[in-house]
Amino acid sequence: MRKFPSLIRLLGLAFLSLVLSIACSQQPNTNAPQSQALVSATNNWVGYSGHHVAVGKDLFSQAGLKVQDLFFQSATEEMTAFLAGKVDIGWFTSGDAIQMAAKDPSIKMIYLVDYSNGSDGIIGRGIKSPQDVKGKTIARENILFEKVLLRAYLEKGRLTEADAIVKDLAAADAATAFAAKQVDVAVSYEPYLSKAAQQGGGEIIFSTKDTNLIADVIAVHDKLLQTRQADLQTYLKAVDQAVKLLNANDAESLKLAGRRLGVSAEEIKTQLEGVKLFDLEGNKSVGFNASNANSLIGNLDMTAKAAYDFKFVPQALKVDSLYNASIVKAA
């Protein structure tokens, strides 16, 4: 659910114009009066369930905040709308946010939503150490977060992608190829990961469990950050309430998130087992705490370097220009 396969993402772009035509009536809100709705957007990832619960339980409106909810079937569509100024508050991977910031430096990350905590990983057959990957065939999609994950594993064996044969396949296709024993190693995520490992006679050799390798964040444009600070604090406090409910496995909250993503409450609960959701306190103690080894700041440093090294961005980005912790600290 983190990313749709490439073909589906491309098909999804066919209806992007329809979505944007609806959003066009909602002009960018950076100069808006405080009563005007904030346009908040997510895409099809379980880690964004805090937003769906806040909407479903009317937590924003109960706090006196008007929020217009937009839902995109892929991150690509959401990024397009955000860069076009049709979205005020966007939920993205940190890698996606970094790539957008390279195009628009006014974009700032203001909240750590989650870390993948085992839901993304690498499966291998006959691989006992990273050094064993040398000369093997690897399936992975040519997207930033998968390349970051693979790099973290290969570096343990002092290897790079150049030391293997790499096939560019979307997560579902990479898992299928591994299950069919067409590749030796595959980068994928649940629900494909574990099933493919079993079918392909392999095992999960590396995952995001207890790491900050793959982060999701809330991003805004700097002008909104400067003009609607109080509203953003209210927004994050409502999200905080929703995250606390999800972390407590609140039945109604799981049902609301499942309804938004088109799956059962039980499936949401299962998927969230591979994700670490952060509330406001977690953002303060871990997310924006530079002295914490798992801070978002550390993730941004690693991801920004990878984005430049892998030519996803044209120039190296300074980490301190990518985020603003003021709203979290004040909330």
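Keep in mind it's a predicted model, so treat the numbers as computed, not measured.

With respect to the environment of Ala75
Here Ala75 lies in helix α5 (residues 75-83). Ala75 sits in the buried class, given a relative accessible area of 9%. Separated by 30 residues in the primary sequence, Ala75 and Trp45 have C-alpha atoms spaced 9.1 Å apart.

Here's the deal with the confidence of the model for the protein
Chain-level pLDDT for the protein is 91 on average; 89% of the residues reach the 70-or-more range. Below a pLDDT of 50 lies the segment residues 4-34, which in the model reaches 53 contacts outside its immediate sequence neighbourhood of four places, other chains included.

Quick word on the sheet that holds strand β10 (residues 215-221)
Taken together, six strands build an open sheet; the order of strands is β2-β1-β3-β10-β4-β11 and the sheet is mixed. The open sheet is flanked by β2 (67-72) and β11 (275-277), the only strands paired with a single partner. Each strand of the sheet is rotated relative to its neighbour by a mean of 30°, with strand direction disregarded. Taken together, the seven bridges between strand β4 (residues 107-116) and β10 define a ladder with antiparallel strand orientation.

Here's the deal with the nonpolar core
With 95 residues, the main nonpolar core has Ile89, Ile98, Tyr111, Ile122, Val133, Ile218 and Tyr235 as its most contacted residues. Beyond its immediate stretch of four places on either side in the chain, Ile98 contacts Met109, Leu300, Thr303, Ala304, Ala307, Val313, Leu317 and Leu322. Listed in part, the eleven residues of the second largest apolar core include Ala175, Phe178, Val183 and Ala186.

What about the packing of helix α3 (residues 49-56) against helix α12 (residues 251-261)?
Axis separation between α3 and α12 bottoms out at 8 Å; the angle between their running directions is 105°. It follows from the interaxial angle that α3 and α12 lie roughly perpendicular. From α3, Ser49, His52, Val53 and Gly56 reach across to α12, where they touch Ser253, Leu256, Ala257, Arg260 and Leu261. Grouping the constituent residues of the contact of α3 with α12 by class yields four nonpolar, four polar and one charged.

Things to note about the sheet that holds strand β8 (residues 185-189)
Read from one edge of the open sheet, five strands run β7-β6-β8-β5-β9, paired in mixed fashion. Since the sheet does not close on itself, it has two edges, and those belong to β7 (165-168) and β9 (203-207), each with one partner. Averaged over neighbouring strand pairs, the angle between their axes works out to 30° when direction is ignored. The pairing of strand β5 (residues 120-124) with β8 spans five bridges and is classified as antiparallel. Bridging from a neighbouring strand, Ile123 pairs with Ala186 of β8. On the sheet, helix α8 (residues 171-179) packs against β5, β6 (137-140) and β8 and is oriented at approximately 140° with respect to β8.

Rules behind the numbers
- Residues numbered from 1 in each chain as written.
- Predicted model: local features only at pLDDT ≥ 70, side-chain atom pairs only at ≥ 80, totals over all residues.
- Heavy atoms only, no water.
- Helix = DSSP H or I, 4+ residues; strand = E, 2+ residues; numbered from the N terminus.
- Buried < 20%, exposed > 50% of the residue type's maximum accessible area, 1.4 Å probe, protein only.
- pLDDT = per-residue confidence, 0-100.
- Contact = heavy atoms within 4.5 Å.
- Pairing = 2+ DSSP bridges.
- Axes fitted to C-alpha atoms, helices over the stretch in contact; angles between N-to-C directions.
- Core = buried A, V, L, I, M, F, W, Y, C linked by side-chain atoms within 4.5 Å.
- Parallel < 35°, antiparallel > 145°, perpendicular 65-115°, else oblique.
- Nonpolar A, V, L, I, M, F, W, Y, C, P; charged D, E, K, R; others polar.

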